[in-house]
Amino acid sequence: MSQFLYQHINAVATEDPDRIALIDGDRSITYQEFRQDILNFCQALKKLNLNAESKLGILCVNQSEFLVGHIAALTLGLPLVPLNAMMTPETLFYIAKDSGINILLVDGVFIRAETKPFLDLFEHKILAGAPPEEIAVPNSQTYSAFLDSGKGLQEPPPRLERRDGVPDVIMYTSGTTARPKGVMLNEDQFETNAEGVLQHLTFTKQDRVIVALPLFHSFGNMMAWVVLKAGGTLILIRQFAPKSILAQIAEHRATILPLAPTIYSFLVELYERGGYDVSSLRYCISGGAALPQVLLKKVEDSLRVAVVEGYGLTETSPVIAVNKFAEGNVPGSVGPILPNVEAKIVGENGDSLPANDIGEICVKGKTVMQGYWQLPQETQAAISPDGWLKTGDLGHLDDQGRLYISAGRIKDLIIRAGENVSPLAIENAVLNHPAVREAAAVGVADERVGERVKLCLSLKPECSATVQELKEFCRKNLAAYMVPDQIEFYEALPKNAAGKIVKSELRDTERA
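Conventions we followed
Residues numbered from 1 in each chain as written. Predicted model: local features only at pLDDT ≥ 70, side-chain atom pairs only at ≥ 80, totals over all residues. Heavy atoms only, no water. Domains from an automatic or database assignment. Contact = heavy atoms within 4.5 Å. Buried area = accessible area lost by both parts, 1.4 Å probe. Salt bridge = Lys/Arg side-chain N within 4 Å of Asp/Glu carboxyl O. Polar contact = N/O pair within 3.5 Å; in protein donor to acceptor, adjacent residues only side chain to side chain. Helix = DSSP H or I, 4+ residues; strand = E, 2+ residues; numbered from the N terminus. Nonpolar A, V, L, I, M, F, W, Y, C, P; charged D, E, K, R; others polar. Pairing = 2+ DSSP bridges. Axes fitted to C-alpha atoms, helices over the stretch in contact; angles between N-to-C directions. Phe/Tyr/Trp six-rings, centres within 6.5 Å; stacked < 30°, edge-to-face > 60°. Buried < 20%, exposed > 50% of the residue type's maximum accessible area, 1.4 Å probe, protein only. Lys NZ or Arg CZ within 6 Å of the ring centre and 35° of its normal.

Colleague: Explain the domain arrangement of the chain residue by residue, including any values.
Modeller: Its domain assignment divides the chain into domain 1 (4–16 + 27–166), domain 2 (189–409) and domain 3 (413–508). Here the C-alpha centroids of domain 1 and domain 2 sit 27 Å apart. Contacts between the two partners involve 30 residues from domain 1, matched on the other side by 22 residues from domain 2. Across the domain 1 to domain 2 interface the summed buried area is about 2,000 Å²; carbon plus sulfur atoms make up 64%. Put simply, domain 1 and domain 2 have one salt bridge between them. A salt bridge links Glu15 to Lys205; its shortest N-O distance comes to 2.9 Å. The interface formed by domain 1 and domain 2 includes eight residue pairs in polar contact (both at pLDDT 80 or more). Elements represented by at least two residues in the side of domain 1 that touches domain 2 include exactly helix H1 (4–15), helix H2 (31–46), helix H3 (64–76) and helix H4 (89–99). Considering each element in turn, the side of domain 1 that touches domain 2 owes the most residues, seven residues, to H3. Among the residues making up the side of domain 1 that touches domain 2, the classes are represented as 16 nonpolar, eight polar and six charged.

Colleague: Give me the sheet that holds strand S17 (residues 341–346): which residues, what numbers.
Modeller: Taking strand neighbours across the sheet as the criterion, the five strands line up as S16-S21-S20-S18-S17 in an open arrangement whose pairing is antiparallel. Looking at the sheet topology across the chains shown, the edges are occupied by strand S16 (333–336) and S17. Adjacent strand axes in the sheet meet at a mean angle of 45° when their direction is disregarded. In this sheet, strand S18 (residues 359–365) lies alongside S17 in antiparallel orientation, the contact comprising six bridges. Across the sheet, residue Val346 finds its bridge partner in S18, namely Glu360.

Colleague: Please provide a residue-by-residue account of the sheet that holds strand S26 (residues 486–489), values included.
Modeller: The strand order across the open sheet formed by three strands is S24-S25-S26, and the pairing between neighbours is mixed. Looking along the sheet, the strands with just one partner apiece sit at the ends: strand S24 (436–446) and S26. Within the sheet, the average angular offset between the axes of one strand and its neighbour, ignoring direction, is 25°. Docked against the sheet, helix H13 (residues 423–430) engages S24 and strand S25 (450–459), running at close to 145° with respect to S24.

Colleague: Outline the pairing of strand S21 (residues 402–409), listing residues and values.
Modeller: When S16 meets S21, the two strands line up antiparallel, connected through three bridges. Across the sheet, the residue bridging to Ser333 is Tyr404, located in S21. Inspection of the sheet shows strand S20 (residues 389–397) paired to S21 by five bridges, in the antiparallel sense. Across the sheet, residue Gly395 finds its bridge partner in S21, namely Ile405. Taken together, S20 and the strand that follows it, S21, pair antiparallel across an intervening segment of four residues, in which Gly401 is found at a positive phi of about 80°.

Colleague: Break down the packing of aromatic side chains for me, with residues and values.
Modeller: This model, assessed by the stated rule, comprises six aromatic pairs. Taken together, a centroid distance of 5.1 Å and an interplanar angle of 80° make the contact between Phe118 and Phe122 edge-to-face. The residues Phe118 and Phe122 share a single accessibility class, namely buried. Between Phe190 and Trp225 the ring centres are 5.6 Å apart and the planes differ by 40°, which places this aromatic pair in the tilted class. Placement of Phe190 in helix H7 (residues 187–200) and of Trp225 in helix H8 (residues 218–230) is noted, with a sequence separation of 35 residues between them. In this structure an aromatic cluster arises from ring pairing among Phe41, Tyr143 and Phe146. The residue whose ring lies beneath Arg282 is Phe325, and the NZ or CZ to ring-centre distance is 5.5 Å. Lying over the aromatic face of Trp388, Lys344 brings its terminal NZ or CZ to 4.4 Å of the ring centre.

Written out as structure tokens, the structure is:
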């Protein structure tokens, strides 16, 4: 079976056509309207000069047009490339050429003089939002005109024929340390992952879920998938900011809030100043990075709602483990492994380790990617001949089979005078200081000890702390070899589109 997500939407639209599927700004779109827009988009795509190599790229914020185009492409079998709106025009140019996109659905906010060479790559352009008047966009039509050209379809069309080996979706990694890699995934993998998530978490038709995580990101994509599979309502947040999120929770009585840890930190600060009603929330979900225990407790105490933590990768469609809603969070754990995923912990020699021993997390199962687009060597390095994906994360499994991210990314591990220093341990310790809002520990090359520890911090508003005070705090709470050699202050730490701190930028900056 294919066309999974369309079939979920169709089922709700048939049974309860007036149920709200999407809230996008001041627009509420019913499941019936959503289904028809998807069918119209499918038909309009078929009228283009499609061939076995055709692909649809989407460069949009969190808006209804993104989801319509995304689901229409999956339904039609047209390979899809979601584009990270925070990437530079040069990186977007590389991805478009690398993947072979020839049709682009683009929001007008991304049409600028510096993006013009990128836009000129595409044979067809569909404009979701008006571009600046001074910039002409040849070979384009508005989103509404495009939908109108496809009116009349009542059932999804047969899926397109395409070249062997081309997946349903090519989802590019962030490329913070090298050129982004295209992760090859199929619709049935997302469906399988959603089934596993729904065995751990509860989503119902009554739920209204905040979607502030970017839809082009694997976490945001899966949250949208499980909500639509359950027949609930997506509240789309175009501006990824705590003020917008809190306002939308209050206005639309949102019941579930999925976010990255760093955004929770800012959101709680704003909420505690007063003026927002979050009493409708049933629970929160945290993913995309490790959630420090001090922050988890702060969120639960402030918002008075449970936080459920999970873990996943783009390469695994994406969820690997998540705590069960019925059982709540186990401190420090990202939860049991999903029922359709296998996991093991391996040592440096590749042998499986017993419970509670720390090593690299490896996973296997239907949701593991086919590989990296046009990168056979990188694929071979990531996936063993018997199908085990090396995640690059250090963790352990307890006696109950629950997963813990014990020391963060292998590449982030700091080797200082022969000692393995866990950045995660340093960050968790320093976040207990009352003035610290964000923390990231990175290794910086040093001729004498190999790497020295640099701790990058941002402080809470109206709080202060000195380097000496923070080093003393670290000495009291960390082993001596973990105490940072230097501490630098930032207004805010650099983050990617999903709100995860970008450590490569911190390593690359040395301050006087």
